[in-house]
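Architecture at a glance
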Amino acid sequence: MEIIKNSSNFSSSEQTFVTIGTFDGVHYGHQQIIEKLVSEAKKANKKSVVLTFFPHPRMVLQKDNSLELINTIDERATLLEKTGLDYLIIHPFSKEFSKMSALEFVRDILVNQLNISKLIIGYDHHFGKNREGNITQLSEYSHVYDFIVEEIPAQDIDSVSVSSTKVRRALHAGSLKTANNYLGYNFMLNGTVVNGKKLGGTIGYPTANIDVKETYKLIPKTGVYVVKSTLDKKIVFGMMNIGSRPTVDGNHQTIEVHFFDFNQDLYNQNLTIELMYFLRDEHKFDSIDSLVHQLKKDEETARNYILKNL
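Position numbers for residues count from 1 along each chain, tracking the sequence in the order it is written. Residues qualify for local features only when their pLDDT is at least 70, as the model is predicted, and side-chain atom pairs are given and counted only at 80 or more; totals for whole chains, interfaces and linings, by contrast, use all residues. In computing side-chain properties, one takes all heavy atoms of the structure into account and sets aside hydrogens as well as water.

Overview of the nonpolar core
The condition is simple: By convention a nonpolar core is built from buried Ala, Val, Leu, Ile, Met, Phe, Trp, Tyr and Cys residues, the set being connected through side-chain atoms within 4.5 Å. For each residue, the accessible area found with a 1.4 Å probe, counting protein chains only, is set against the maximum for its type, and the residue is called buried under 20%, exposed over 50%, and partly exposed in between. Residue contacts are defined here by distance: any two heavy atoms, one from each residue, within 4.5 Å place the two residues in contact.
Counting residues in hydrophobic clusters, the biggest one holds 53 residues, and the most contacted among them are F187, M240, F259 and L275. Discounting residues that sit within four places of it in the chain, M240 has contacts with L189, G223, V224, Y225, V227, I255, E256, V257, I273 and L275. Ranked by size, the runner-up nonpolar core spans 27 residues in total, among them Y87, I89, I116 and F147.

Side note on the environment of G184
The criterion, for reference: Think of it this way: any DSSP run of H or I at least four residues long counts as a helix, any run of E at least two long counts as a strand, and we number them from the N terminus.
Within the secondary structure, G184 sits in the loop between helix 9 (176-183) and strand 7 (188-194). What makes G184 exposed here is its relative accessible area of 56%.

A few points about the pattern of salt bridges
So the rule is basically this: Any carboxyl oxygen of Asp or Glu that lies within 4 Å of a side-chain nitrogen of Lys or Arg is treated as forming a salt bridge with it.
Inspection of the entire model under this criterion finds 12 salt bridges. E75 is the partner of K217 in a salt bridge, and the nearest nitrogen-oxygen pair spans 2.7 Å. A residue pair is termed long-range when its members are at least 10 positions apart, and K217 in the loop between strand 8 (208-211) and strand 9 (223-231) and E75 in helix 3 (residues 73-81) qualify at 142 residues. Residues K217 and E75 agree in their burial class; the two are buried. Of the charged contacts in the structure, one is a salt bridge between E299 and R303, with a shortest N-O distance of 2.9 Å.

Topic: helix 11 (residues 288-308)
Selection rule: Expected span of a helix: the number of residues minus one, times 1.5 Å. What the arc measures is the spread of directions leading from the helix axis to the C-beta atoms.
With 21 residues, helix 11 extends 30 Å from end C-alpha to end C-alpha; this agrees with the ideal 30 Å at 1.5 Å per step. Of all the residues in helix 11, the buried ones are L291, V292, Q294, L295, D298, E299, A302 and I306. Within helix 11, the buried residues cover an arc of 160 degrees as seen down the axis, which keeps them to one side. In this structure, helix 11 carries D289, H293, K296, E300, L307 and K308 as exposed residues pointing more than 90 degrees from its buried face. The elements touched by buried residues of helix 11 are strand 9, strand 10 (234-243) and strand 12 (270-280).

Quick look at the side chain of Q31
Our working rule: Contacts described as polar in this section are N or O atom pairs within 3.5 Å, which, within protein, must combine one atom able to donate a hydrogen with one able to accept it, while residues neighboring in sequence count only if both atoms come from side chains.
Mapped onto the elements, Q31 comes out in helix 1 (residues 28-43). Among the polar contacts listed, one links the side chain of Q31 to the backbone oxygen of L183, at a separation of 2.9 Å. Discounting residues that sit within four places of it in the chain, Q31 has contacts with V26, L183 and Y185.

Some points on the packing of aromatic side chains
Put simply, the rule is: Each Phe, Tyr or Trp ring (for Trp, its six-membered ring) is paired with any other whose centre lies within 6.5 Å, and the angle between the two planes then decides the class: stacked below 30 degrees, edge-to-face above 60, tilted in between. Whether a charge lies above a ring is judged from NZ of Lys or CZ of Arg, which has to be within 6 Å of the ring centre and within 35 degrees of the ring normal.
Taken as a whole and assessed by the stated rule, the structure comprises 9 aromatic pairs. The interplanar angle of 75 degrees and the centroid separation of 6.1 Å between the aromatic rings of F259 and F262 together place this pair among those described as edge-to-face. The buried category is assigned to F262, whose relative accessible area is 18%. With 4.4 Å between their ring centres and 20 degrees between their planes, Y277 and Y305 make a pair best called stacked. A residue pair is termed long-range when its members are at least 10 positions apart, and Y277 in strand 12 and Y305 in helix 11 qualify at 28 residues. Site record: aromatic cluster; members linked through ring pairs are F53, F93, F97 and F105. The ring of F260 has R303 lying over it, and the distance from NZ or CZ to the ring centre is 4.5 Å.

Don't take any of this as a statement about function, it's just geometry.
Now the structure itself:
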């Protein structure tokens, strides 16, 4: 898959099959749409294209700092690459771009830049200035500019029973199993290992402190999770705490991972952490000894879970 920043940089003499959307989560429902796109494009000997936008329109138009996305743009690209897609076009979303009319969007981007042959789109898709464009207009423009519009019916999308909103709700509730089932993969956090207070090492549980730089990335419910990561090309398991560390009077949220049977320095490395299982809520313990006792129980539970689910 080739990643192209800005549709104006795309050039292909071959015609394309295109779908458009945010695809946050690249969840099971999204995967169904993209698999259909890739399959139909191959059969017709065309190129498959996903056109997405970044930043998210709400971040630009509404200055929405509360927006939480399941994936960072890099995570989204990694997930889309697994679908067999030919091109991912990440078009910069700006106030100026938002003023483009539905006609201009179809003519200038889909037709002139992407050389579109077929558009596969959801039944409720809107586009263009003030979201004026809809499936009816697309059908009209398709006759003018000679491309096919294939609408994904409401019943097909609804039958999947998956939405990015449902995934977000599950993650906020600590219902990780539900969220991962919706996604079709383990929810992940990406971040750089930064210096912490190194308290974990003094009680036998050294941790890597993960700094997630993208402020729009959804951080799931506080608590303790069973996780895995790839370190030095090997899968390593561990447990992760998301929270404020109330037992040691913490005053801000941290993300700390203790890897089992691993003691290398990870400082400044960028890690992808996959969340496998929600162990428990975060608690304030009466003493450090009580905390250590609970951590040992957590480790035993986590190791048993890993053995049963390898």
